[in-house]
Amino acid sequence: MLRGSNKTKGMRSFALGGPVAKIVLAQPRGFCAGVIRAIDIVDQALDRVGAPVYVRHEIVHNRHVVEKLRAKGAVFVEELNEVPAGEVAVFSAHGVSREVEAEAKAGELQVLDATCPLVRKVHFQGRRYMKQGRNLVMIGHAGHPEVVGTLGQIDGKVWLAGTVADVAALPLPADAPIAYVTQTTLSVDDTREIIAALQSRFPDVIGPDVKDICYATQNRQEAVRDLCRVSDMILVVGAPNSSNSNRLREIGEEEGLPSFLIEDASQLDPAWLEQVEVIGLTAGASAPEELVQGVVDRIRAYLPVTVEKLDGIEENIEFRLPPELRKLGQPAPAPVEG
């Protein structure tokens, strides 16, 4: 692994087109297994039945991914009442409530559920804690699609805590038995703080280990911390509404580096490059690698650079596609005569 220390002090200033700079790519970066699975589901559905295939909300939080699938024939809708009866409907990787599932069944839709298996795991954990008679707290951001879906998958009252202050405001007695689950794309550090606040206020608290938070979230956050040790600035490729991408940028700022979140190369400001020798480059879990390479090419248009990859975890996790996908487009079996 590349080693070094932050260079925020005493950085060399040079004009664009001057001395050779270095781009260091984080490892891992970009697509995770859940995102790959979700995109594959839409792609294969289009291959099997042709356009249109309807997708509820953004399949993942990335405009470029959505536009590419739209060009192939995917139709993105906000609500299922926009989908004609009997058509193929895909649920996004963030998951949906039971109410949405029931609506799809009532509309006789052919449902393909692209919910990330790690999000499904949170649903199962929450239900199990509820059956144990515990007060369930979900650590997450209000209004995030994953949080909305999870709250709608669990019967009973679920308290939402996005900050330590939210924990202090919970209208529960100190002796209440508590369990917690977490939004998968949250910061590991922020999750630890909220868990610690729960444990400080309530003596009886159980929940999954912090390591149970999404592997991709952890890996990308650890990789960007390593990147900060050898970089003068951090560029994160990702969507502005991507929780995990925003957290990668925040980590760079916390480490004392100028850090910027950009959707693609068109948002790169050449002024950011004028006082740096080493540019750390990473991407959120829903950003395709082609956007990262586009940023590399754009930087090369401004100044000569070398490119290195930081040593890191090689992810080889794959999630199975839903069995309903294999049946899609196949003729219904002939009735058995008897």
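Shown above is the structure to which this text applies.
So, here is what we can say about the structure in this document. All values derive from a computational prediction rather than experimental measurement.

What counts as what
Residues numbered from 1 in each chain as written. Predicted model: local features only at pLDDT ≥ 70, side-chain atom pairs only at ≥ 80, totals over all residues. Heavy atoms only, no water. Disulfide = S-S within 2.5 Å. Buried < 20%, exposed > 50% of the residue type's maximum accessible area, 1.4 Å probe, protein only. Helix = DSSP H or I, 4+ residues; strand = E, 2+ residues; numbered from the N terminus. Expected span 1.5 Å × (residues − 1). Contact = heavy atoms within 4.5 Å. Pairing = 2+ DSSP bridges. Axes fitted to C-alpha atoms, helices over the stretch in contact; angles between N-to-C directions. Right-handed = clockwise from strand over helix to strand, strands pointing away. Left-handed = near helix turned anticlockwise from the far one by under 90°. Nonpolar A, V, L, I, M, F, W, Y, C, P; charged D, E, K, R; others polar.

### Quick notes on the state of the cysteines
Among covalent bonds in proteins, the disulfide is the one between the sulfur atoms of two cysteines.
And then number 1: According to the stated counting rule, one finds zero disulfides in the structure shown.
And then number 2: This cysteine, cysteine 32, is not joined by any disulfide, and cysteine 214 carries the nearest cysteine sulfur, 5.7 Å off.
And then number 3: On the accessibility criterion, cysteine 32 (9% relative accessible area) is buried.

### Side note on helix α9 (residues 243-254)
And then number 1: Compared with an ideal rise of 1.5 Å per residue, which puts twelve residues at 16 Å, α9 spans 16 Å between its outermost C-alpha atoms and is within 8% of the ideal.
And then number 2: The buried fraction of α9 is high, at nine of twelve residues.
And then number 3: Among the residues of α9, Ser243, Asn244, Ser245, Asn246, Arg247, Leu248, Arg249, Ile251 and Gly252 are the ones counted as buried.
And then number 4: Its buried side turned inward, α9 meets α7 (188-201), α8 (215-228), β10 (233-237), β11 (259-262) and β12 (278-283).
And then number 5: Phi turns positive, to about 85°, at glycine 256, one or two residues after α9.

### Brief notes about the sheet that holds strand β4 (residues 88-91)
And then number 1: Ordered by their spatial adjacency, four strands build an open sheet running β3-β2-β4-β5, and the pairing between neighbours is parallel. Every interior strand has two partners, whereas the edge strands, β3 (74-77) and β5 (110-113), have only one. The average undirected angle you get between the axes of adjacent strands in this sheet is 30°.

### Thoughts on the sheet that holds strand β13 (residues 305-309)
And then number 1: With parallel pairing, five strands are arranged side by side in an open sheet as β11-β10-β12-β1-β13. At either margin of the open sheet sits one strand with a lone partner, and together these are β11 and β13. With direction set aside, neighbouring strand axes in the sheet form an average angle of 25°.
And then number 2: Both β10 and β11 contribute to a ladder of four bridges, which runs parallel. Bridged to isoleucine 234 within β11 is serine 259.
And then number 3: Strands in contact with α8 are β1 (21-25), β10 and β12; relative to β12, the strand with the most contacts, it is inclined by about 175°.
And then number 4: Most of the contacts of α9 go to β11, to which it runs at about 165°, and overall it touches β10, β11 and β12.

### What to know about the environment of valine 137
And then number 1: Residue position: valine 137 is located in strand β6 (residues 135-139).
And then number 2: Taking C-alpha positions, valine 137 is 8.9 Å from glycine 126, a pair spaced eleven residues apart along the chain.
And then number 3: Setting aside chain neighbours within four positions, we find valine 137 in contact with Trp159, Ala161, Leu170, Ile178, Ala179, Tyr180, Val181 and Leu198.

### Topic: the pairing of β3
And then number 1: Relative to β3, strand β2 (residues 53-56) is paired through four bridges, and the arrangement is parallel. Bridge pairing in β3 places valine 53 opposite alanine 74.
And then number 2: Tracing the backbone out of β2, into helix α2 (residues 63-72) and back to the parallel element β3 gives a crossover that is right-handed.

### What about the packing of α8 against α9?
And then number 1: At a minimum axis distance of 10 Å, the contact between α8 and α9 shows a crossing angle of 30°. Crossing hand, α8 versus α9: right-handed. When α8 is examined against α9, the residues Arg220, Gln221, Val224, Arg225 and Cys228 are found in contact with a partner set consisting of Arg247, Leu248, Ile251, Gly252 and Glu254.
And then number 2: The class makeup of the residues in the contact of α8 with α9 is four nonpolar, two polar and four charged.

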